[in-house]
Amino acid sequence: MLSKAGEVSVRAFAVAGLVTAAVLAGQGAWAGEGRGAWKDAGQGVRGDAGHHGTRQAGHGTRTDPARETEYGTRTNPAREAGQAASAKAGRADGGERILFRFKDSRITESSGLAVSPTGKDVYYTHNDSSAGPVFFAVGPDGRTRATFTLRGAASRDWEGMAASTDPRTGRGVLWFADIGDNLEGAWPDVSVYKVAEPDTLSDAVLPAVRYRFRYEDGGHNAEGIMVHPRTGRLSIVTKQFAGAVYQAPKRLRTDRVNVLRKVGSAPIMATDAAYAPDGSSFVIRTYFSATVYRAPGEQIARVTMPELQQAESITYTRDGRYLLTGSEGSRSPVYRVPLPEEVLGAAAPEPTSARREAAPTPASGATGDPEPTPVAAVKSSEEGAGTDTGLPISAVLLWLVIAAGAIGVIALIARRTR
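Just so it is clear, the structure is predicted and the values come from calculations on it, not from any experiment.

### Digging into the packing of aromatic side chains
1) Next: Under the criterion given, the structure shown has 11 aromatic pairs.
2) Next: Between Phe-100 and Phe-102, the ring centres sit 5.4 Å apart and the planes meet at 75°, which makes this aromatic pair edge-to-face. You'll find Phe-100 and Phe-102 in the same group, each marked buried.
3) Next: Aromatic side chains Phe-135 and Phe-148 sit 5.1 Å apart centroid to centroid with 25° between the ring planes, which places their arrangement in the stacked category. Placement of Phe-135 in strand S6 (residues 134-138) and of Phe-148 in strand S7 (residues 144-151) is noted, with a sequence separation of 13 residues between them. One exposure class covers both Phe-135 and Phe-148, and it is buried.
4) Next: Through a chain of ring-to-ring contacts, three or more aromatic side chains come together here, namely Tyr-124, Phe-135, Phe-148, Trp-158, Phe-176 and Tyr-193.
5) Next: Its end group placed over the ring of Trp-187, Arg-156 keeps NZ or CZ at 4.1 Å from the ring centre.
6) Next: In this structure, Arg-336 is placed above the aromatic ring of Tyr-322, and the distance from its NZ or CZ to the ring centre is 3.9 Å.

What follows is the structure, given as structure tokens:
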């Protein structure tokens with residue numbers, strides 16, 4: 001049995017951990033620099049769009065009348081005036097601009113985003129959990145052009161998607177990641193569905209191939225999926241305080257569970273990830289910002305993101321010069337963010353050896369994808385020292401304050417009840 005002091009310490013850290021998790025995780029992440037799902041009281045906008053509080057419209061705020069009485073409305077007039085001027089010009093601070101807003105009332109929790117690899121001005125998205133195995137093709141005006149349902153698929157907790165091109169046929173391929181696991185290991189395995197990109201933009205039911213995965217070191221919650229554009233190699237990025245990048249086998253099989261192996265670290269609470277169109281780099285999005293890497297642990301640059309209600313998705317434009325990022329919520333915006341010059345300058349030309357590669361052929365006995373040839377080795381996670389953690393200093397200070405306060409309160413209660 002624990003001593004009184006030991007019991008106080010355990011309770012203190014338990015309370016501190018629960019409070020901190022509630023603040024930083026999921027919809028309750030504090031954006032210490034005024035970015036991410038929660039903003040400080042001076043800016044006065046609460047995330048979880050479409051549910052309560054105030055919601056962003058461009059860069060100002062708009063009140064949800066049904067919730068205004070319950071939660072109140074806190075605004076910063078000077079900030080809103082500047083943001084309104086930026087919104088009127090179609091741009092926000094940092095050069096980003098709203099590309100479009102989703103018009104479809106069914107798109108309320110856009111959790112994944114991808115650009116069509118073959119069609120012009122076609123963007124794909126899907127809702128979060130409890131929405132069914134459905135995705136939407138959206139035009140540059142934000143209007144839905146087609147709705148697709150995956151035959152034989154489930155939607156336990158869809159959290160991300162990716163798009164690639166089949167090197168043998170040149171046809172687009174879409175990947176949908178049913179990888180959310182808020183209980184960190186509740187599911188024995190997670191699934192990713194592979195779908196051939198539809199030829200026409202009209203409502204349809206599409207056949208899907210299911211690949212099952214498990215992590216080599218136990219269950220994890222994850223929201224990021226990315227597929228290398230040259231090799232077709234799939235990776236999943238976990239959403240945790242000690243996040244990581246996990247790589248799938250070269251050959252994906254449908255007749256067994258595929259094992260995901262850790263190849264590097266990831267920023268705290270990563271909500272999405274995507275490869276650049278040329279495969280020279282990849283980006284990982286968090287509630288606070290986005291970071292571009294040449295390989296796991298090899299950071300190129302950190303990219304400032306626009307303020308969103310709940311940052312959930314990120315992808316590249318087809319030319320690789322911009323990032324697109326989206327949020328959950330009704331009529332949520334998709335922003336186009338220019339990449340800094342150091343990222344554009346790091347884009348590598350396609351190696352001659354890669355151009356000479358023949359189309360890969362299926363491995364003997366494999367029922368999944370053919371084996372791709374890797375372009376470059378992935379660096380070890382130990383090389384990631386000093387890279388972006390995705391956590392602002394204010395969040396660390398917040399944790400310390402909460403922990404100290406919890407210890408003090410519980411110690412006082414324990415002393416009075418002795």
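Don't stop here, the text continues.
### Looking at the environment of Tyr-293
1) Next: Mapped onto the fold, Tyr-293 is located in strand S19 (residues 290-295).
2) Next: Sequence spacing of Tyr-293 and Phe-282 is 11 residues, and the spatial spacing of their C-alpha atoms is 5.4 Å.

What counts and how
- Residue numbers run consecutively from 1 along every chain, following the written order of its sequence.
- With pLDDT at 70 or above as the cut-off, local features in this predicted model cover only qualifying residues; side-chain atom pairs require 80 or more to be listed or tallied, and sums for whole chains, interfaces and linings still use all residues.
- Only hydrogens and water are set aside when side-chain values are computed; all heavy atoms of the structure are taken into account.
- A pair of Phe, Tyr and Trp rings is counted when the ring centres sit within 6.5 Å of each other, with Trp represented by its six-membered ring. The angle between the planes then sorts it: under 30 degrees is stacked, over 60 is edge-to-face, the rest tilted.
- Only protein chains enter the accessibility calculation, which uses a 1.4 Å probe; a residue is then buried when its area is under 20% of its type maximum, exposed when over 50%, and partly exposed in between.
- Here a strand is any run of E in DSSP of at least two residues, a helix any run of H or I of at least four, and the numbering for each starts at the N terminus.
- Note on criteria: charge over ring means Lys NZ or Arg CZ within 6 Å of the ring centre, with the direction from the centre no more than 35 degrees off the ring normal.

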